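Listed below, chain by chain, are the residues.
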Amino acid sequence: MEHYTKLAREVKCLLEDEKIKMSDILHSTNHKNANCLYDFVNGKREVLKDFENTIGIARCSFPDTYEDYLEDFVYSIADREPNRMVIVEAMEWADASQRSELTDFLVDKLKNCRNLKCKEYGNVYFLHRQLTKGEITAHEALVASGKLGLKQMETVVFSRLMVLYKYLELRQFDTLSDMAKDIHSELVEKDSFISKSYSSRIQTLLANMSLTQGDLVNTRKHAELAISESDNPRFLAFGYLHLGNSYLFESYEKSKEKLLLGMECAKNHPERFKQLRRSMVFLDNYWNKGKTYLNHESNETEDIQGIIYNHIQNGRKEAALDMLQKLEDQKQNDNLKGYHYYFKGLIDGNIANFYLSAKHFKLSGDKFCVTLPLVELQKHGENAQLLELLTI
């Protein structure tokens, strides 16, 4: 019986039109010969053993749109037969790739499937989705997962990994770091698609945490591991984001190189691209290298602050102050307030604004950016030893 998916049909067309070669497709997988690949494109085999191989085929055949082809492929095979591990791997890919609707679809399929091992994954990812949507707390997620009687190492690992995102959000860094290290030690011996994806999740989280704490050595270590261990565009984009940000105040060239690589990885993902673009704007402003990436079309505070900083760096302080004052009526979190008072201090030279900036950066848990107002306070002759206390 033939089971043609859209992916298989269109790959077959590319082969027949000699736009790609089977040798190239084979090289993109971990298969030693092409027999099963011919079966796949001819509809004699609906799925390959490892979802990683399907990712390789799609990326090789459709480099710019392969994720959309994969999503269509996953919907098709999961709807017909969810009782297999390749659906679990597809669910991890979907969730790691932030494809929420597909993830919820697969979670529902697996929660209600007959395969007990797959069902276990469905149950724990259901809790993860509830946690992600804010329907339960991290504590409630841990309690609920404890009642599932998880038997597989990977599901036990994920039941702890899923709460790390909340610990990062809540700035509970000690708990995050300890749990992440314990989880990663359990993954080291595994070489499965799921274990490698979990490892990339952890490295990205630790890079983010280390940067926020101002630990640049570990930021670079974890970001580079996230990049080297994964080919998922999400982990690559955020790995390069954290790596590029770690060089913001140190090297314009290194920071720009990493951020541009991240932007390339994020070109099909607007939210990720937006974060990288904002870092590029800050980099250009900090080193006064131009205004290529300024976003004049956005009404979001972060983008308006980028334009304000550019005005300041180019001597247009009146224009900067006018824009800054218009932002004061808008609700801002502590991190945005940190930048707000930093820019205000650069405009009026009032050290009180730099102290307010440092205060709000501290309240946001950002030990990296708190150096911005502290450097300015040092320039104004404030006591270096007292300022050092603000970095703790």
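It should be emphasised that the depicted structure is a prediction, and the values quoted were computed from it without experimental measurement.

Undergrad: Give me the packing of helix 6 (residues 85-96) against helix 8 (residues 116-132): which residues, what numbers.
TA: For any two helices packed against each other, one specifies the crossing angle of their axes together with the interaxial distance. Put simply, helix 6 and helix 8 touch, their axes get as near as 9 Å, and they point 15 degrees apart. Classified by the interaxial angle, the pair formed by helix 6 and helix 8 is roughly parallel. The crossing of helix 6 and helix 8 is left-handed. On helix 8, the residues touching Met-85, Val-88, Met-91, Glu-92 and Asp-95 of helix 6 are Cys-118, Tyr-121, Gly-122, Tyr-125, His-128 and Arg-129. Looking at the contact of helix 6 with helix 8 residue by residue, the class counts come to 6 nonpolar, 2 polar and 3 charged.

Undergrad: Can you tell me about the environment of Glu-253, naming the residues and giving the values?
TA: Residue position: Glu-253 is located in helix 16 (residues 252-265). Remark: the alpha-carbon pair of Glu-253 and Val-74, spanning 179 residues in sequence, is separated by 41 Å.

Undergrad: Tell me about the pattern of salt bridges, and please be specific about residues and values.
TA: One pass over the structure, following the stated rule, counts 22 salt bridges. Note that Arg-278 is salt-bridged to Glu-302, the shortest N-O span being 3.8 Å. With Arg-278 in helix 17 (residues 270-286) and Glu-302 in helix 18 (residues 301-313), the pair connects residues that are 24 residues apart, well separated along the chain. Its relative accessible area of 34% is what places Glu-302 among the partly exposed residues. Several salt bridges share partner residues, and in doing so they unite Glu-271, Lys-274, Arg-278, Glu-300, Glu-302 and Asp-303 into one network.

Undergrad: Would you mind going over the environment of Ser-192 in detail, with residue names and values included?
TA: Residue placement: Ser-192 occurs in the loop between helix 12 (173-187) and helix 13 (193-212). In sequence terms Ser-192 and Leu-15 are 177 residues apart; their C-alpha atoms lie 29 Å from each other. Within polar-contact distance, the side chain of Ser-192 engages the side chain of Ser-195 at 3.1 Å.

Undergrad: Account for the nonpolar core, naming residues and giving values.
TA: With 70 residues, the main nonpolar core has Val-11, Phe-51, Leu-106 and Tyr-198 as its most contacted residues. If near-sequence neighbours (up to four positions away) are discounted, Phe-51 is found in contact with Leu-70, Phe-73, Val-74, Val-86, Glu-89, Ala-90, Trp-93 and Phe-193. Tyr-309, Ile-312, Ile-347 and Phe-361 belong to the second largest nonpolar core, which has 35 residues in total.

Undergrad: Give me the lowdown on the layout of surface pockets, citing residues and values where you can.
TA: When its volume is computed, the largest pocket comes out at roughly 1,700 Å³. The residue makeup of the lining of the largest pocket, split by class, is 19 nonpolar, 18 polar and 13 charged.

Undergrad: Can you explain the confidence of the model for the protein chain? Please cite residues and give values.
TA: Mean pLDDT over the protein chain stands at 92; residues scoring 70 or higher make up 98%. For the protein chain, per-element mean pLDDT is lowest for helix 23 (residues 384-389), which scores 77, and highest for helix 16, which scores 98.

Undergrad: Residue-level account of the packing of helix 1 (residues 6-16) against helix 5 (residues 66-80), with values.
TA: Viewed as axis vectors pointing N to C, helix 1 and helix 5 meet at an angle of 130 degrees, and their least axial separation amounts to 8 Å. Put simply, helix 1 runs oblique to helix 5. For the pair formed by helix 1 and helix 5, the contact residues are Lys-6, Leu-7 and Glu-10 on the first element and Tyr-69, Asp-72 and Phe-73 on the second. Considered class by class, the residues forming the contact of helix 1 with helix 5 number 3 nonpolar, no polar and 3 charged.

Undergrad: So what about the environment of Thr-175? Which residues, and what values?
TA: Turning to its location among the elements, Thr-175 is positioned in helix 12. Its relative accessible area of 34% is what places Thr-175 among the partly exposed residues. Put simply, Thr-175 and Glu-16 are 159 residues apart on the chain and 55 Å apart in space, counted from C-alpha to C-alpha.

Undergrad: Give a description of the packing of aromatic side chains that names residues and reports values.
TA: Summed over the entire model, instances satisfying the criterion amount to 20 aromatic pairs. Where Phe-282 meets Tyr-339, the ring centres are 6.0 Å apart and the plane angle is 65 degrees; that geometry is what we call edge-to-face. Of the two residues, Phe-282 is situated in helix 17 and Tyr-339 in helix 20 (residues 334-348); the sequence distance between them amounts to 57 residues. Residue classification places Phe-282 among the buried residues on the basis of a relative accessible area of 12%. Owing to a relative accessible area of 16%, Tyr-339 belongs among the buried residues under this scheme. Ring geometry for Tyr-342 versus Phe-354: centroids 6.2 Å apart, planes at 55 degrees, classification tilted.

Undergrad: I'd love a proper account of the state of the cysteines, names of residues and values included.
TA: Under the criterion given, the structure shown has 0 disulfides. With no disulfide partner, Cys-113 has as its closest neighbouring cysteine sulfur the one in Cys-118, 5.1 Å distant.

Undergrad: Could you give me a rundown of unusual backbone geometry, with the residues and numbers involved?
TA: Located in the positive-phi region is Arg-171, a residue other than glycine, with phi close to 60 degrees. Along the chain, the position of Arg-171 falls in the loop between helix 11 (164-169) and helix 12. Classification of Arg-171 as partly exposed rests on a relative accessible area of 35%. In this model, Asn-288 sits at a positive phi of 50 degrees, which is unusual for a non-glycine residue. Examined against the element boundaries, Asn-288 turns out to sit in the loop between helix 17 and helix 18.

Cut-offs and rules
Residues numbered from 1 in each chain as written. Predicted model: local features only at pLDDT ≥ 70, side-chain atom pairs only at ≥ 80, totals over all residues. Heavy atoms only, no water. Axes fitted to C-alpha atoms, helices over the stretch in contact; angles between N-to-C directions. Helix = DSSP H or I, 4+ residues; strand = E, 2+ residues; numbered from the N terminus. Parallel < 35°, antiparallel > 145°, perpendicular 65-115°, else oblique. Left-handed = near helix turned anticlockwise from the far one by under 90°. Contact = heavy atoms within 4.5 Å. Nonpolar A, V, L, I, M, F, W, Y, C, P; charged D, E, K, R; others polar. Salt bridge = Lys/Arg side-chain N within 4 Å of Asp/Glu carboxyl O. Buried < 20%, exposed > 50% of the residue type's maximum accessible area, 1.4 Å probe, protein only. Polar contact = N/O pair within 3.5 Å; in protein donor to acceptor, adjacent residues only side chain to side chain. Core = buried A, V, L, I, M, F, W, Y, C linked by side-chain atoms within 4.5 Å. 1 Å grid on protein atoms, 1.4 Å probe; cavity = no way out; pocket = protein on both sides within 12 Å on 5 of 7 lines; lining within 4 Å. Points joined across faces, edges and corners; volume = space filled by probe spheres on them. pLDDT = per-residue confidence, 0-100. Phe/Tyr/Trp six-rings, centres within 6.5 Å; stacked < 30°, edge-to-face > 60°. Disulfide = S-S within 2.5 Å.

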